[in-house]
Amino acid sequence: MDRLWAPWRMEYIEAVEKPEGCIFCVFPAENNDKKNHIIYRGKHSFIILNAFPYNPGHLMVAPYMHTADMYDLDDEALLEINHLVRYSLKLLKELSAPDGFNLGVNLGKTAGAGIPNHIHWHIVPRWNGDTNFMPVIAEKRVVPESLNTTYNKLVQMIEKLGVD
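Predicted, not measured: the structure shown is a model, and the values here were computed from it.

**Some words on the pairing of strand β2 (residues 45-49)**
- In terms of burial, β2 is largely enclosed, as 5 of its 5 residues are buried.
- Judged by which residues are buried, β2 turns out to be covered on both faces: S45, I47 and L49 on one side and F46 and I48 on the other are all buried.
- Count of turn residues in the strand β1 (residues 38-41)/β2 antiparallel hairpin: 3 residues.
- In terms of strand pairing, β2 meets strand β3 (residues 59-63) through 5 bridges, oriented antiparallel. Bridge pairing in β3 places I48 opposite M60.

Here it is in structure tokens:
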């Protein structure tokens, strides 16, 4: 069996500070977007990189309002969230030309929500052949690019494209 060694990943995993409270509330309030990997802020919601991505460029769109219930969000907030999901697709297409995307919202812990108390949308770029035996056999995922590198690329792409 071949082994894939990525020792620098452990340093990253161990260094990630686990904030108290909800990251979708704490991170925007800190006003340190680069540190928290918030790539865009709207009036009602924001785009943030997933700290433990499925693939490079795995984004999330979350409302500022702390809620797990879609019915708590008014039409203006829902419309903005959908615009930011669509804009995220545009950014990722321009940046890395994925072959497809997974879009999803996990409502509740049973549905797979890692943060079940704050609704958020996932935008995951996918490439042909991006799945392999690692997640199935070793329960490990290899992400070939650091969050900071991805963050910088996405911010530069926003500057290039502007915002819809």
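**Regarding the pattern of salt bridges**
- For the structure on display, the rule yields 3 salt bridges.
- With a shortest N-O distance of 2.8 Å, R41 and D33 are connected by a salt bridge.
- For D33, a relative accessible area of 22% corresponds to the partly exposed category.
- Between K43 and E76 there is a salt bridge, with the nearest N and O atoms lying 3.2 Å from each other. Residue K43 is located in the loop between β1 and β2, and its partner E76 is located in helix α4 (residues 75-96); the two are separated by 33 residues in the primary sequence.
- Its relative accessible area of 43% is what places E76 among the partly exposed residues.

**Some points on unusual backbone geometry**
- You will see that H37, though not glycine, has its phi angle at about 60 degrees, which is positive.
- Looking at the secondary structure, you find H37 in the loop between α3 (33-36) and β1.
- Take H37: its relative accessible area is 11%, and that puts it in the buried class.
- Backbone geometry at A97 places phi at a positive 45 degrees, although glycine is not the residue there.
- With respect to the helices and strands, the residue A97 is situated in the loop between α4 and β4 (100-105).

**Section: the sheet that holds β4**
- Ordered in space as β1-β2-β3-β5-β4, the 5 strands form an open sheet in which the pairing is antiparallel. Whereas interior strands pair on both sides, the edge strands pair on one side only; in this sheet they are β1 and β4. Taken over all neighbouring pairs, the strand axes of this sheet differ in orientation by 20 degrees on average, direction set aside.
- Looking at chain direction, β1 and β2 are connected through 3 bridges and run antiparallel. Along β2, the bridge assignment pairs I38 with I48.
- Relative to the sheet, α4 contacts β1, β2, β3, β4 and β5 (121-126), its axis offset from that of β5 by approximately 15 degrees.

**Some points on the packing of α4 against helix α6 (residues 147-161)**
- Where α4 contacts α6, the two axes come as close as 10 Å, and the packing angle between them is 105 degrees. Looking at the two axes, α4 sits roughly perpendicular to α6. Two secondary-structure elements touch here, α4 through Y87, K90, L91, L92, E94 and L95 and α6 through K153, L154, M157, I158 and L161.
- The class makeup of the residues in the contact of α4 with α6 is 8 nonpolar, no polar and 3 charged.

About the criteria used
Residues numbered from 1 in each chain as written. Predicted model: local features only at pLDDT ≥ 70, side-chain atom pairs only at ≥ 80, totals over all residues. Heavy atoms only, no water. Buried < 20%, exposed > 50% of the residue type's maximum accessible area, 1.4 Å probe, protein only. Helix = DSSP H or I, 4+ residues; strand = E, 2+ residues; numbered from the N terminus. Pairing = 2+ DSSP bridges. Salt bridge = Lys/Arg side-chain N within 4 Å of Asp/Glu carboxyl O. Axes fitted to C-alpha atoms, helices over the stretch in contact; angles between N-to-C directions. Contact = heavy atoms within 4.5 Å. Parallel < 35°, antiparallel > 145°, perpendicular 65-115°, else oblique. Nonpolar A, V, L, I, M, F, W, Y, C, P; charged D, E, K, R; others polar.

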